[in-house]
Amino acid sequence: MKKLVLASAMALASVALVAAPALRAQDNSGQITIQNPEEFNAYQTAVTQTNPATKASALEDFLQKYPNSVVKKAVLDQLIDTYEQMNDPDKVLSAASRMLQVDPNNFKAIFATVYFKKTACQRNIDPATGDSKDPQTCDDAAAMAQKGLTVAKPAGAADADWKKMTDAAFPIFHSAIALDDLIAKKDYANAIKEYTAELMLYSPQQTTSGPGLVDTLNLAEAYAKPGTARDEVKACWFYARAWDFAPPAYKSQIEPKLDYWYKRYHGTIDPPDQITSQINAIKTQAQATLFPPATFTIAPAPTPQELAHHALTGGNPMTLNLEDKEYILANGSQADAQQLWSLLKGQVTPVPGIVISDQATVLAVHVTTAASPHPKDYQVKLNTPAACASVPPPPTSELRVAEARDYLQANGASADVSAIEGLDHAHRILIEPAVTTINMAVAQDAKDSHYADFTVNLKDPLACKDAPDPSFEMKLQPAEELDATYDTYTTSPAANGNPARAQIVLSQGFVQMEKKAPPVHRRPAPGRRSGE
């Protein structure tokens, strides 16, 4: 499932972290002076360049020639600014790293490291799962942010200047820690704590756009995560607040989340127009203030068992969507669950949702011999089921029978290989790794938690080249559709902040490929033949 990510940007130059007088290193005798005339001239030449690329090159040359210069920190400080001006994050990070080696508490270098590593962390979020694809970078940003929050005011820095720096930097520090907790460490309680601390440092107006708005949405996401920190009421509030100020293109992505979590907490027994009115009232309240007042409440839903009974008896249960049917099986009384299952068992249903996994489990083998001009099909169980891309590639040549036999014997169950007729005298052997089971996340909670609540056992193996990739979204025709027959189910009770769940197994599954729209044929204009 694609996760919602709002883009934001903040120029590093907006937090000039060291005022000009503080750039001068001091010792007990006063201002440090460059004694070597050649070094002094090289320094002056470098710092007076007006072209950023030329200046950066000159500063780097100075450090190469005078690695132990008394103005080394001043040069590195200017390098950070210059590389930021050139929009070169990697070189900003390099300069900041070198600065921290000589001045471990340098605030500008700490901020630059946090900001650009946090940006890299954000860029490497898996759109399907919302998880980090580069957790180490997220961890690095968070660790440096923790350090930045404890750095003391430098000697000689004016109180007003220091406050201006920390006012700009501290929200970013808290945001970096929270992001690491949210997408890498999965510590949702601490993510909530850090996002809250960040947002409290902003004025209300600053949370209506930019980083403040992005992290208002991220706070809603943190409150919606599974576990003991989940708070559906506060999730609704911050989703509503984010919706209030989001650009129009993002409102349509936030709206379903607000709708889902409101209905999950409050239930869906109220008439649809009444539910819409209630959600709109939350939007209006949230627009006026960032944090919910102590008096803010949402009327809780009936118990899951009551909701399940209402859903089952409120109309034709066969017209319910797949998620609602799963809800009744997971939460309904034994009598309600059995009543619904008696209607579902043996029925064919589409299974729209997100593919969690579909490992290759068999080799589909097609053998043509002189005695059998039509291919005979066999299934050979893989000794080691694996993701399709991880299965050793089978031989593709039609003439290398021995190679095909060796491949089957090395990778397949020996009993299945032995059952193949005419293998040694085949004219043609085609071997295709194939999947026999597709695990799907159908319910919203399953999508958010990235677990499979539906297991579809296929009627016939599906060649890896035709199988959907993990994270692919199965929809309804004319899009690509997965269909199967209800077979069995098991349930697990609510525990550890997770809801009650039903694990549904379907059999005889098959994939209907996407139906392409036919080409449009237009009648030629009067007086012209087609093709003229």
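Since the model is a prediction, treat every value here as computed from it, not as a measurement.

A. Examining the nonpolar core more closely. Judged by nonpolar contacts, the single largest core of 84 residues is most densely connected at Tyr43, Leu79, Ile80, Val114, Phe173 and Tyr239. Sorting elements by how many residues they give to this core places helix α7 (residues 159-185) first, with eleven residues. Discounting chain neighbours no more than four positions away, the residues touching Tyr43 are Ile34, Phe62, Val71, Ala74, Val75 and Gln78. Judged by nonpolar contacts, the second largest core, of 51 residues, contains Leu340, Val417, Ala467 and Val511.

B. Just the side chain of Ser132, in detail. Turning to its location among the elements, Ser132 is positioned in the loop between α5 (107-123) and α6 (135-148). A polar contact of 3.0 Å, which involves the side chain of Ser132, links it to the backbone nitrogen of Asp134. Apart from residues no more than four positions distant in its own chain, Ser132 is found in contact with Asn124, Cys138, Ile183 and Ala184.

C. Expanded view of helix α14 (residues 322-331). α14 sits mainly inside the fold: seven of its ten residues count as buried. Where α14 is buried, its residues meet α13 (304-313), α15 (334-344), β3 (348-350), β8 (454-463), β10 (481-492) and β11 (501-512). Taking the backbone nitrogen of Glu323 as reference, a side-chain oxygen 3.1 Å away marks Asn321 as the first, capping residue of α14.

D. Looking closely at the packing of aromatic side chains. Taken as a whole, this structure holds 15 aromatic pairs when the rule is applied. Centroid distance Phe111 to Tyr115: 6.1 Å. Interplanar angle 15°. Geometry classified as stacked. Here Tyr115 and Phe111 lie together in helix α5, a separation of four residues that amounts to about one turn. What makes Tyr115 buried here is its relative accessible area of 15%. Every member of this aromatic cluster is reached through a ring pair, and the members are Phe107, Phe111, Tyr115, Phe116, Trp162, Phe170 and Phe173. Seen from the ring of Trp243, Lys283 lies directly overhead, with NZ or CZ sitting 3.6 Å from the centre. One cation-aromatic arrangement involves Arg501 over Tyr451; the distance from NZ or CZ to the ring centre is 3.9 Å.

E. Geometry of the packing of α7 against helix α8 (residues 188-201). Contact pair α7 / α8: the axes reach a minimum separation of 8 Å and the direction vectors enclose 160°. Judged by the inter-axis angle, α7 sits roughly antiparallel to α8. Considering the relative orientation of α7 and α8, their crossing is left-handed. Where α7 approaches α8, its residues Phe170, Pro171, His174, Ser175, Ile177, Ala178, Leu179, Asp181 and Leu182 are matched on the opposing element by Tyr188, Asn190, Ala191, Glu194, Tyr195, Ala197, Glu198 and Leu201.

F. Fine view of the pairing of strand β7 (residues 428-441). When you tally the buried positions in β7, you get eleven out of 14 residues, the bulk of the element. Here strand β4 (residues 353-357) runs beside β7; their pairing, made up of three bridges, is antiparallel. The residue bridging Ser357 from the neighbouring strand is Asn439, located in β7.

G. Representation of the environment of Ala404 in the model. Mapped onto the elements of the fold, Ala404 is located in helix α16 (residues 401-411). For Ala404, a relative accessible area of 4% gives the class buried. Considering only alpha carbons, one finds Ala404 and Leu423, 19 residues apart in sequence, at a separation of 8.9 Å.

H. Layout of the packing of helix α2 (residues 52-65) against helix α3 (residues 72-85). In contact at an axis separation of 9 Å, α2 and α3 are set at 150° when each is read in the N-to-C sense. One element, α2, and the other, α3, form an angle in the roughly antiparallel class. The interaxial crossing formed by α2 with α3 has left-handed handedness. Residues Pro52, Lys55, Ala56, Leu59, Glu60, Phe62 and Leu63 of α2 pack against Lys72, Val75, Leu76, Gln78, Leu79, Thr82, Tyr83 and Gln85 of α3.

I. Region of the structure containing the state of the cysteines. All told, the structure shown has two disulfides when counted by the stated rule. The partner cysteine of Cys388 in its disulfide is Cys464, sulfur to sulfur 2.1 Å. In this structure, the disulfide formed by Cys388 and Cys464 twists by about -75° around the S-S bond and is classed as left-handed. Of the two residues, Cys388 sits in the loop between β6 (376-386) and α16 while Cys464 sits in the loop between β8 and β9 (473-474), which places them 76 residues apart along the sequence. A relative accessible area of 25% means that Cys388 is categorised as partly exposed. A residue is classified by how much of its surface remains accessible, and Cys464, at 19% relative accessible area, is buried. When the bonded cysteines of the protein are numbered from the N-terminus onward, they pair as 1-2, 3-4.

What counts and what doesn't
Residues numbered from 1 in each chain as written. Predicted model: local features only at pLDDT ≥ 70, side-chain atom pairs only at ≥ 80, totals over all residues. Heavy atoms only, no water. Core = buried A, V, L, I, M, F, W, Y, C linked by side-chain atoms within 4.5 Å. Buried < 20%, exposed > 50% of the residue type's maximum accessible area, 1.4 Å probe, protein only. Helix = DSSP H or I, 4+ residues; strand = E, 2+ residues; numbered from the N terminus. Contact = heavy atoms within 4.5 Å. Polar contact = N/O pair within 3.5 Å; in protein donor to acceptor, adjacent residues only side chain to side chain. Phe/Tyr/Trp six-rings, centres within 6.5 Å; stacked < 30°, edge-to-face > 60°. Lys NZ or Arg CZ within 6 Å of the ring centre and 35° of its normal. Axes fitted to C-alpha atoms, helices over the stretch in contact; angles between N-to-C directions. Parallel < 35°, antiparallel > 145°, perpendicular 65-115°, else oblique. Left-handed = near helix turned anticlockwise from the far one by under 90°. Pairing = 2+ DSSP bridges. Disulfide = S-S within 2.5 Å.

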